[in-house]
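Single-letter residue listing:
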Amino acid sequence: MNSYWENWLRAAAIRALKTVAQTAAATVGTAAAMGEVNWPLTVSAAALAGVLSLLTSVAGLPEIKED
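Anyway, here's the lowdown on the structure attached to this text. All figures in this text were calculated on a predicted structure; none of them were measured in a lab.

### What to know about the packing of aromatic side chains
And then number 1: Evaluation of the coordinates by the stated rule reveals 2 aromatic pairs.
And then number 2: Look at Y4 and W5: their rings are 5.0 Å apart centre to centre, the planes differ by 85°, and that puts the pair in the edge-to-face class.
And then number 3: Among the residues examined, Y4 registers a relative accessible area of 26% and is labelled partly exposed.
And then number 4: A relative accessible area of 45% places W5 in the partly exposed class.

What follows is the structure, given as structure tokens:
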């Protein structure tokens, strides 16, 4: 794998993990305020957010410079 794709994969994975963590935190926080955390919903929402983040990264990542 060349350097560009290694850097892209690393940057996209970091963005996706941050998005998953943010979504999970927001979902847990909102659900806890309403009285009960629905864990399957939390995991599902976080996973979907991660997938969407990766798909959005296909359009381009500003931190990755093309040579």
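### Observations regarding the nonpolar core
And then number 1: With 5 residues, the main nonpolar core is built from W8, A11, A12, L61 and I64.
And then number 2: With near-sequence residues (within four places) excluded, A11 lies in contact with L61, E63 and I64.

### Topic: helix α1 (residues 3–34)
And then number 1: The end-to-end C-alpha distance of α1, which contains 32 residues, comes to 47 Å, matching closely the 46 Å that a straight helix rising 1.5 Å per residue would cover.
And then number 2: Considered for burial, the residues of α1 that qualify are W8, A11, A12, A16, T23, T27 and A31.
And then number 3: If you follow the buried residues of α1, they end up packed against α2 (39–57).
And then number 4: For α1, the N-terminal capping position is held by N2, with its side-chain oxygen 3.3 Å away from the main-chain nitrogen of Y4.
And then number 5: Following α1 by one or two positions, G35 has its phi on the positive side, about 120°.

Cut-offs applied
Residues numbered from 1 in each chain as written. Predicted model: local features only at pLDDT ≥ 70, side-chain atom pairs only at ≥ 80, totals over all residues. Heavy atoms only, no water. Phe/Tyr/Trp six-rings, centres within 6.5 Å; stacked < 30°, edge-to-face > 60°. Buried < 20%, exposed > 50% of the residue type's maximum accessible area, 1.4 Å probe, protein only. Core = buried A, V, L, I, M, F, W, Y, C linked by side-chain atoms within 4.5 Å. Contact = heavy atoms within 4.5 Å. Helix = DSSP H or I, 4+ residues; strand = E, 2+ residues; numbered from the N terminus. Expected span 1.5 Å × (residues − 1). Polar contact = N/O pair within 3.5 Å; in protein donor to acceptor, adjacent residues only side chain to side chain.

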